[in-house]
Amino acid sequence: MTQEDGDLDSLVRRRIRALRVAQGWSLEELAARAHLSQSSLSRIENGQRRLALDQLVTLARALDTTLDQLVETATDDVVTSPSIDGPHGRMRWSIKADPGMSVVRHRMTEPPPENPARMRAHPGREWLVVLSGTAVLMLGHRRIRVETNQAAEFPTMMPHAIGAEGGPCDVLGIYDRDARRGHQRENDSDGDPE
């Protein structure tokens, strides 16, 4: 066994115990859910019993996680820097766990378009939080004020647009894969951010 194997073994054992404790379960409760004896689970957590793949799969299911998550290591960088969209001044961060998701920071200075024909609809979901100022979300026929520290979530198949009210506002948006594609197509076609 190499040092790395030993570190992973120790990490997995600590993670099993931490997940059990976070759920508020005793050794007995998790053992019953995983169809193991309480003493076997205790020895697994304490490093006195070899980790077997079939037991790890069963424990992962019982802990409502996946085997991948149970054994993943933190070798990737924790901190990431944004890419910057020059023409629109937006910062975009990709989410490592799901590259189809992205987080985008917008600084908005203009109100949303008055003309409903300028609102966009596309597949996906969007979530946003206003970091400063007041945003106006046009959603179908509704005009919704979203103030600092308030969030909004909506399906992007509903015609929508967002802008500032009463001065600049900063918005942090999270787009799923489909919403991100829809926003990229819109910006490529007319160069006008929502």
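The rules we used
- Residues numbered from 1 in each chain as written.
- Predicted model: local features only at pLDDT ≥ 70, side-chain atom pairs only at ≥ 80, totals over all residues.
- Heavy atoms only, no water.
- Pairing = 2+ DSSP bridges.
- Helix = DSSP H or I, 4+ residues; strand = E, 2+ residues; numbered from the N terminus.
- Axes fitted to C-alpha atoms, helices over the stretch in contact; angles between N-to-C directions.
- Parallel < 35°, antiparallel > 145°, perpendicular 65-115°, else oblique.
- Contact = heavy atoms within 4.5 Å.
- Nonpolar A, V, L, I, M, F, W, Y, C, P; charged D, E, K, R; others polar.
- pLDDT = per-residue confidence, 0-100.
- Buried < 20%, exposed > 50% of the residue type's maximum accessible area, 1.4 Å probe, protein only.
- Core = buried A, V, L, I, M, F, W, Y, C linked by side-chain atoms within 4.5 Å.
- Arc of directions from axis to C-beta.
- Left-handed = near helix turned anticlockwise from the far one by under 90°.

**Re the sheet that holds strand E8 (residues 160–164)**
One open sheet holds the 3 strands; their spatial order is E6-E5-E8, and the pairing between them is antiparallel. A single partner strand is all that each edge strand has here, and the edge strands are strand E6 (142–147) and E8. Ignoring strand direction, the axes of neighbouring strands in this sheet form an average angle of 20°. Two elements, strand E5 (residues 134–139) and E6, share 6 bridges in a ladder whose sense is antiparallel.

**A short note on the packing of helix H2 (residues 27–34) against helix H3 (residues 38–46)**
In the contact formed by H2 and H3, the axes pass within 8 Å of each other and the chain directions differ by 105°. Relative to H3, the element H2 lies roughly perpendicular. Contact with H2, carried on its side by Leu27, Glu28, Leu30 and Ala31, involves Gln38, Leu41, Ser42 and Glu45 of H3 and no other residues of that element. Considering only residue class, the contact of H2 with H3 consists of 4 nonpolar, 2 polar and 2 charged.

**Some remarks on the confidence of the model for the protein chain**
The pLDDT averaged across the protein chain works out to 82; a share of 79% of its residues lies at or above 70. Segment residues 189–194 is flagged for pLDDT under 50; beyond a separation of four residues in sequence, or across chains, it makes 18 contacts in the model.

**Section: the environment of aspartate 9**
Relative to the elements of secondary structure, aspartate 9 occurs in helix H1 (residues 3–23). Accessibility expressed as a relative area gives 22% for aspartate 9, which makes it partly exposed. Sequence separation between aspartate 9 and valine 71 is 62 residues, and the spatial gap between their C-alpha atoms is 8.5 Å.

**Focus on the side chain of glutamine 55**
Examined against the element boundaries, glutamine 55 turns out to sit in helix H4 (residues 53–62). Exposure remark for glutamine 55: the relative accessible area of 12% places this residue in the buried category. Excluding residues within four positions of it along the chain, glutamine 55 makes contact with Leu36, Ile44, Arg49 and Arg50.

**Focus: the nonpolar core**
Ranked by internal contacts, the top residues of the largest apolar core, which has 16 residues, are Ile16, Leu30 and Leu59. Those elements that provide at least two residues to this core are H1, H2, H3 and H4. Counting residues per element, this core draws most heavily on H4, at 4 residues. One finds Val146, Ala152, Ala164 and Val171 within the second-largest nonpolar core, a separate group that totals 13 residues.

**A closer look at the environment of arginine 142**
Residue position: arginine 142 is located in strand E6. Residues arginine 142 and histidine 160, 18 residues apart in the sequence, show an inter-C-alpha distance of 9.3 Å.

**Let's talk about H4**
Side chains three or four residues apart in an α-helix point the same way, a direct result of the helix having 3.6 residues per turn. Of the positions making up H4, those classed as buried are Gln55, Leu56, Leu59, Ala60 and Ala62. Taken end-on, H4 shows its buried residues confined to a sector of 160°, consistent with a single buried face. Exposed residues lying more than 90 degrees from the buried face of H4 are Leu53, Asp54 and Arg61.

**As for the pairing of strand E3 (residues 102–108)**
With 5 of 7 residues buried, E3 lies mostly within the body of the structure. Relative to strand E9 (residues 169–175), E3 is paired through 7 bridges, and the arrangement is antiparallel. Within E9, the residue paired with serine 102 across the bridge is tyrosine 175.

**What about the packing of H2 against H4?**
Relative orientation of the contacting elements H2 and H4 amounts to 110°, with a least axis distance of 8 Å. The pairing of H2 with H4 is recorded here as roughly perpendicular in orientation. Crossing handedness for the pair H2 and H4: right-handed. Touching Leu30, Arg33 and Ala34 of H2 are Thr58, Leu59 and Ala62, all from H4. Tallied by class, residues from the contact of H2 with H4 come to 4 nonpolar, 1 polar and 1 charged.

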